[in-house]
Each structure stands twice: as C-alpha cells, then as structure tokens.
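Listed below, chain by chain, are the residues.
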Amino acid sequence: QVQLVESGGGLVQPGGSLRLSCAASGSIFSINDMAWYRQAPGKQRELVATITRVGRTNYADVVKGRFAISRDNAKNTVYLQMSSLKPEDTAVYYCNAAADVPNPYRNLELWGQGTLVTVSS
C-alpha cells in the first residue's frame with residue numbers, strides 16, 4: 001500500500017519555527033510534483049507550496065519569504081521549513097504527491113493524513 005506519512009506538527013509561539021516532514025512508503029517507481037496544503041478551521045484547503053522533482057518551487061504569497069519547501073528524492077520525502085510563524089498559520093497541514101506506481105503501472109495522487117500546527121502564545 002502506497003501512502004504518505006507526515007510528522008513534525010505541534011504548538012509553537014508566534015515568531016517561532018517548525019519543520020514538517022512527509023515520507024512516501026510502499027511500491028513506488030517515482031514521485032513527481034510534491035506539495036503542502038493547509039486547512040484552517042472553517043476555511044477551505046489552500047495550497048502552501050509546491051516542488052517539482054528537479055527542485056523548482058512555488059509558494060503562496062502569504063508564506064513567501066517565511067516557508068521553504070524541499071525534498072529528498074532518495075528518501076521519497078518532502079519537507080516544509082516554517083519560520084516567523086503567525087497565529088494565522090494555524091491549520092492542519094497536508095502533504096500531496098503525484099506518484100508513479102507498479103502493478104499495474106499508473107499515476108496516483110496521494111494525500112497525507114494531516115498534521116496540526118498551532119501558533120499561539
């Protein structure tokens with residue numbers, strides 16, 4: 001079974017930093033684009049950052065300059081380094097990946113289970 005498992009969420013004070021990780025496991029040929037989304041209470045899920053297999057990144061305007069997405073292709077893992085956190089960054093963060101898997105060969109869109117980030121004093 002192919003899945004994404006996130007870790008690294010928690011409680012942090014405003015201005016603090018936190019690093020999220022998301023690892024893919026199972027039978028995978030390759031993972032293409034990876035991304036982080038978030039969903040705050042009472043709001044729709046929104047895109048935070050994306051990264052291509054070769055490392056090209058894109059960010060939502062509200063996190064530019066504060067968040068950094070990266071990946072380790074050998075480990076099928078994507079990271080989100082969050083700095084200068086604000087209370088409005090409080091949300092459940094989800095990782096997302098497009099994976100090529102075998103038996104039969106196909107492309108799957110994968111979602112993690114979500115990890116809660118709370119920014120509060």
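Check the entry above for the structure.
Residues numbered from 1 in each chain as written. Predicted model: local features only at pLDDT ≥ 70, side-chain atom pairs only at ≥ 80, totals over all residues. Heavy atoms only, no water.

Student: Report on the pairing of strand S4 (residues 30–39), specifying residues and quantitative values.
Tutor: Consecutive side chains of a regular strand alternate in pointing toward one face of the sheet and then the other. Pairing geometry for S4 and strand S9 (residues 91–101), over eight bridges, is antiparallel. Considered in S9, the bridge of Gln39 is made with Val92. Note that S4 and strand S5 (residues 46–51) share five bridges and pair antiparallel. From the neighbouring strand, Trp36 faces S5, where its bridge partner is Ala49. In this structure, the hairpin formed by S4 and S5 is closed by a connection of six residues, where Gly42 is found at a positive phi of approximately 75°. (Pairing = 2+ DSSP bridges. Helix = DSSP H or I, 4+ residues; strand = E, 2+ residues; numbered from the N terminus.)

Student: Just give me the short version of the pairing of S5, but keep the residues and values in it.
Tutor: In this structure, S5 lies alongside strand S6 (residues 57–59), joined through three bridges in antiparallel fashion. Pairing of Ala49 across the sheet is with Tyr59, part of S6. Where S5 hands over to S6, the hairpin turn is made up of five residues, of which Gly55 adopts a positive phi near 95°.

Student: Tell me about the sheet that holds strand S8 (residues 77–82), and name the residues and values.
Tutor: The strand order S1-S3-S8-S7 describes an open sheet built from four strands, whose pairing is antiparallel. Only two strands of the sheet have a single partner each, and these edge strands are strand S1 (3–7) and strand S7 (67–72). Across the sheet, the mean angle separating the axes of adjacent strands is 15° when strand polarity is ignored. As defined by bridge partners, S1 adjoins strand S3 (residues 18–25) across five bridges and the pair is classed as antiparallel. Considered in S3, the bridge of Gln3 is made with Ser25. (Axes fitted to C-alpha atoms, helices over the stretch in contact; angles between N-to-C directions.)

Student: Can you lay out the environment of Pro14 for me, pointing to particular residues and giving the numbers?
Tutor: Within the fold, Pro14 resides in the loop between strand S2 (10–12) and S3. For Pro14, a relative accessible area of 39% gives the class partly exposed. For the pair Pro14 and Ala60, spaced 46 residues apart in sequence, the C-alpha to C-alpha distance is 19 Å. Apart from the residues within four sequence positions on either side, Pro14 is in contact with Leu85, Pro87, Val119, Ser120 and Ser121. (Buried < 20%, exposed > 50% of the residue type's maximum accessible area, 1.4 Å probe, protein only. Contact = heavy atoms within 4.5 Å.)

Student: Can you explain the pattern of salt bridges? Please cite residues and give values.
Tutor: This model, assessed by the stated rule, comprises four salt bridges. Here Arg38 and Asp89 are joined by a salt bridge, their closest N and O atoms 2.9 Å apart. Separated by 51 residues along the polypeptide, Arg38 in strand S4 and Asp89 in the loop between S8 and S9 bring together distant segments of the chain. Each member of the pair, Arg38 as well as Asp89, carries the same accessibility label: buried. Note that Arg66 is salt-bridged to Asp89, the shortest N-O span being 2.7 Å. Highlighted residues: Arg66 in the loop between S6 and S7 and Asp89 in the loop between S8 and S9, separated in sequence by 23 residues. Residue Arg66 is classed as buried on the basis of its relative accessible area of 12%. In this structure, a network of salt bridges that share partners links the residues Arg38, Glu46, Arg66 and Asp89. (Salt bridge = Lys/Arg side-chain N within 4 Å of Asp/Glu carboxyl O.)

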